[in-house]
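Chain residues, written in single-letter form:
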Amino acid sequence: MKKNSILILLLTFITLSIYGQRKIVKLPNLPGYITLKCDFHIHTVFSDANVWPTVRIDEAVRDGLDALAFTDHLEYTPHKNYVPVDFNAAWKIGETYAKERNLILVHGAEITRKMPPGHFNALFISDASLILQDSVWDSFEAAIKQGAFLQWNHPGWKAQQPDGIPRMYDIHEKLIKKGWLHGVEFFNSNEYYPLVFKFAKDNNLTLTGNSDVHGVISEIYKEPDYNNRPMTLVFAKERTSDALKEAMFAGRTMVYFQDKLVGKEEYAKPFIYQCISVGKPYYENEKNLYFEVTNNSDVPFYLVNGIPDAPASITLAANSVTRIVINKKVAAPLVYDVKNVIIGENEVLKIELKY
Ligand code: ZN
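All of the points below concern the structure found in this document. Bear in mind that the values here come from a model prediction, so they are computed numbers and not experimental data.

**Details of the coordination of the zinc ion**
At 2.0 to 2.6 Å from the zinc ion lie its protein donor atoms, namely H41 (NE2), H43 (NE2), E110 (OE) and D212 (OD). The site at the zinc ion holds 4 donor atoms, and with the angles between them running 78 to 168°, its shape is irregular. In primary-sequence terms, the residues that donate to the zinc ion follow H-x1-H-x66-E-x101-D. With respect to class, H41 is no different from H43; both count as buried.

Here is the structure:
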């Protein structure tokens, strides 16, 4: 091989290793807010996972995330004979590494107890070691003292609720009464719990969706079954840790996984109208009108339950323009249920296509 081509090869290698690539996850902003793509439930070698903290950050950058939280178990450290127990280690190792890669790293820990109360992530903390206490209530109190956002993890996890149905126990009610519980996981890895939506609505909790990953993320979430890991979409005023925290406490989130979007209607409705745009009719004949709907996002939308004389269902494929032909007899607003946009325990979003 000529010297020149060896040099070019070397340069290519160096360029790739310096500039790690970030996937573009195409999801729009909401008016006035930036959509931050986040995973608030991640394990490392410092509890029971097999991955070093900096590799978790590389994974998150590659997946196009804006923010990541390390949430190692406080009460469960099975690698302790080989890896020293240090509940702040992942944070300390990752803090600068994340900054260099333009990723917001959230300091967290997982309070890990039997049900009730189950598992909780304390997010935006300053010292995880202070949160490990004999009594779980003391752990909650220590987290709250640090200004933590407390998230109830996987409330319907079958290892703790064999029927998969989440339940509120006295201790959860007590947390809510004190204003100490702030969020609840709707999606945890590939499980989700519809009833969590009711908990969130009744108690003004923030909905989240996270990977809870223990292995290598690209081995778990890969095509063709998965095009992304579960993520929490946070509508923040700017792309900073403080703005992220403010938005989390204010409940401005949705959850995105596979082709499902989950969130309160006040966010889901403007979000879908930022994803799609409906064109004016471009052609008509005696019987029909023709127009197009552009979906500028990575999420396909499955419209069902069309009104009489309109198409019964329409799929707005991701990153595509869909042609729609409407019988001129259709006079009423063109309203559909969006099957994969969930806005309640048993409720999906309704939208209108205004052409
Ligand atoms: Zn966990």
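**So, unusual backbone geometry**
Following M115, the chain continues to P116 via a peptide bond in cis, the omega torsion being -15°. Backbone torsion omega between E223 and P224 reads 0°, so that peptide bond is classified as cis. Inspection of the secondary structure assignment puts P224 in the loop between α7 (217-220) and β9 (231-236). A positive phi angle is found at D309, which is not glycine, with a value near 75°. Looking at where D309 falls in the secondary structure, it is placed in the loop between β15 (301-304) and β16 (314-316). At N319, a position not held by glycine, the phi torsion is positive, near 50°. Relative to the helices and strands, N319 resides in the loop between β16 and β17 (320-327). Residue classification places N319 among the partly exposed residues on the basis of a relative accessible area of 39%.

Rules of the game
- Residues numbered from 1 in each chain as written.
- Predicted model: local features only at pLDDT ≥ 70, side-chain atom pairs only at ≥ 80, totals over all residues.
- Heavy atoms only, no water.
- Donors = N, O, S within 2.8 Å, 3.2 Å for Na, K, Ca; no water.
- Tetrahedral: all angles 85-135°; square planar, octahedral: opposite > 155°, others 65-115°.
- Buried < 20%, exposed > 50% of the residue type's maximum accessible area, 1.4 Å probe, protein only.
- Helix = DSSP H or I, 4+ residues; strand = E, 2+ residues; numbered from the N terminus.

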